[in-house]
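Each chain, written out:
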Amino acid sequence: MKDPKLLETIKDYKGRDDVPADFDTFWDQALAKMTELPEYKLEERDFSIPNVICYELTFKGTRDGLVYARVVLPKTDQKVPVIFHFHGYMGRCWDWTDMLAYTVSGYGVVSMDVRGQSGYSTDGERSPLGNTVKGQIIRGAVEGPDELFYKDVYLDLYQLIEIVASFPQVDDSKFASYGASQGGALALVAAGLNPRIQRTVAIYPFLSDFRRVLEIGNTSEAYDELFRYFKFHDPFHETEDQIMETLAYIDVKNFAHRIKGQVHLITGLDDDVCYPVTQFAIYNRLECPKEHLVMPEYAHEAMNVQVNDRVYNWLCGSKISFRYVEK
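Residues numbered from 1 in each chain as written. Predicted model: local features only at pLDDT ≥ 70, side-chain atom pairs only at ≥ 80, totals over all residues. Heavy atoms only, no water.

## Description of the overall build of the protein chain
Here is step 1 of the chain: Broken down by element type, the protein chain carries 10 helices and 9 strands.
Here is step 2 of the chain: Relative to a compact globule of 327 residues, whose C-alpha radius of gyration would be 20 Å, the protein chain shows 19 Å and is just as compact.
Here is step 3 of the chain: Across its three principal axes, the protein chain shows a C-alpha extent of roughly 60 × 55 × 30 Å.
Here is step 4 of the chain: Going through the 327 residues of the protein chain one by one, you find that 56% of them count as buried.
Here is step 5 of the chain: Taking contacts inside the protein chain between residues at least 6 apart in sequence as the whole, the part at least 24 apart equals 71%.
Here is step 6 of the chain: Accessible area for the protein chain stands at about 14,900 Å²; split by element, carbon and sulfur atoms hold 48% of it.
Here is step 7 of the chain: Averaging the locations of the 35 positively and 49 negatively charged side chains of the protein chain gives two centres separated by 4 Å. (Helix = DSSP H or I, 4+ residues; strand = E, 2+ residues; numbered from the N terminus. Rg over C-alpha atoms; globule rule 2.2 N^0.38 Å. Buried < 20%, exposed > 50% of the residue type's maximum accessible area, 1.4 Å probe, protein only. Contact = heavy atoms within 4.5 Å. Areas by Shrake-Rupley, 256 points an atom, 1.4 Å probe, with all protein chains shown as cover. Lys, Arg positive; Asp, Glu negative; His and termini not counted. Charge placed at Lys NZ, Arg CZ, Asp CG, Glu CD.)

## Concerning the environment of Val82
Here is step 1 of the chain: The residue Val82 is located in strand E4 (residues 80-86) in this model.
Here is step 2 of the chain: For the pair Val82 and Cys316, spaced 234 residues apart in sequence, the C-alpha separation works out to 9.8 Å.
Here is step 3 of the chain: Apart from residues lying up to four places away in sequence, Val82 is in contact with Tyr107, Gly108, Val110, Val164, Val170, Lys174, Phe175 and Ala176.

## Looking at the pairing of strand E1 (residues 40-45)
A regular strand places its side chains so that they alternate between the two faces of the sheet.
Here is step 1 of the chain: Judged from the 6 bridges that link them, E1 and strand E2 (residues 52-60) form a sheet pairing that is antiparallel. Bridging from a neighbouring strand, Glu44 pairs with Tyr55 of E2.
Here is step 2 of the chain: Counting the residues in the hairpin turn of E1 and E2 gives 6 residues, including Ser48, whose phi is positive at 55°. (Pairing = 2+ DSSP bridges.)

## Overview of the pattern of salt bridges
Here is step 1 of the chain: Counting across every chain of the model gives 19 salt bridges.
Here is step 2 of the chain: Between Asp17 and Arg211 there is a salt bridge; the shortest N-O distance is 3.0 Å. With Asp17 in the loop between helix H1 (4-10) and helix H2 (23-32) and Arg211 in helix H6 (residues 210-216), this residue pair connects regions lying 194 residues apart in the sequence.
Here is step 3 of the chain: Of the charged contacts in the structure, one is a salt bridge between Arg196 and Glu162, with a shortest N-O distance of 2.7 Å. Of this pair, Arg196 sits in the loop between helix H5 (182-193) and strand E7 (197-203) while Glu162 sits in helix H4 (residues 149-165); the two residues are 34 residues apart in sequence, bridging distant segments of the chain.
Here is step 4 of the chain: According to the relative accessible area criterion, Arg196 is partly exposed, its value standing at 26%.
Here is step 5 of the chain: Overall, the relative accessible area of 18% leaves Glu162 in the buried class. (Salt bridge = Lys/Arg side-chain N within 4 Å of Asp/Glu carboxyl O.)

## Looking at the sheet that holds E1
Two pairing modes exist for strands in a sheet, parallel and antiparallel, and in both the strands are linked by backbone hydrogen bonds.
Here is step 1 of the chain: Taken together, the 9 strands give an open sheet; going across it, the order is E1-E2-E3-E5-E4-E6-E7-E8-E9, and neighbouring strands pair in mixed fashion. Every other strand in the sheet has two partners, leaving E1 and strand E9 (290-295) as the edge strands with one partner each. Between one strand axis and the next, the sheet turns by 15° as a mean value, whatever way the strands run.
Here is step 2 of the chain: For E4 and strand E6 (residues 170-180), the ladder comprises 6 bridges, and the chain directions are parallel. The residue of E6 that forms the bridge with Ile83 is Ala176.
Here is step 3 of the chain: Together, strand E8 (262-268) and E9 form the strand contacts of helix H9 (residues 276-283), whose direction differs from that of E8 by roughly 165°. (Axes fitted to C-alpha atoms, helices over the stretch in contact; angles between N-to-C directions.)

## What about unusual backbone geometry?
Here is step 1 of the chain: The backbone of Asp64 sits at a positive phi, close to 65°, despite the residue not being glycine.
Here is step 2 of the chain: Of note, Asp64 is situated in the loop between E2 and strand E3 (66-74).
Here is step 3 of the chain: For Asp64, a relative accessible area of 46% gives the class partly exposed.
Here is step 4 of the chain: Phi angles above zero are rare outside glycine, and Ser181 is one such case at about 60°.
Here is step 5 of the chain: With respect to the element layout, Ser181 can be found in the loop between E6 and H5.
Here is step 6 of the chain: Residue classification places Ser181 among the buried residues on the basis of a relative accessible area of 12%.

Structural data, given as structure tokens:
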């Protein structure tokens, strides 16, 4: 464990800035505009894989964005629970084979490409085709909360869940969300915006406690764009308070109080990409049933030892054991 005193300090830490007074109003009004399902297309793909049905889903997002997701459902006459998976920053959705592990337990899986990143989703009127690589945290921050790139991404999550809930094959009372890094952030936001999500698993979530990130300094590639904004646009930080007040509307810790379903969070204490203190800021604001596991020797990396089995147990209700028991 890197620093027991620091861990003791951050176990009650809730972030540097408070939730904006109109935060819930801001998001409730945005969701209230989504009274109807967006235009979408669901196309079956035959990959000669027995016992599952694979679909490609596309739908029209806000600002003329086009959102792409993969859907894998077990072949059954019963309505199936669904796990929504979200990928890391600058990445793309799961490969089809990644999704099959959960169908063995009777779960459907939906994995979405975040608009403007490496997959097939596009950011409509504001984005060229292909990955814009970085700069998405700060995009729109000068114009104000309504123009934030991640506002549209978060609304994509809400609409994706609503579309899938309308499918006759699924049980919309048994939805879960899961992801790591940016995906962990989106899994939490999905639960904060859409109460259909009853369980969330988030691994080292991104996009939290931006003021604290500034104080720590530019040591993380993922947050580099925030520092580049000030270095090249506002070197004397005259707009710092304005930018922080705007980014508060996409700060994941500020969604924590809206989450009603159960949350499982995993943090590597050596994480120098999504700093542990910013993850504790999320966890300590959760008012729902929750569990937080910390891994002292792990950074922002693959957590393959026992973690994947624990995640599977959390999401599917399985009883996978982590130890060999000799009989």
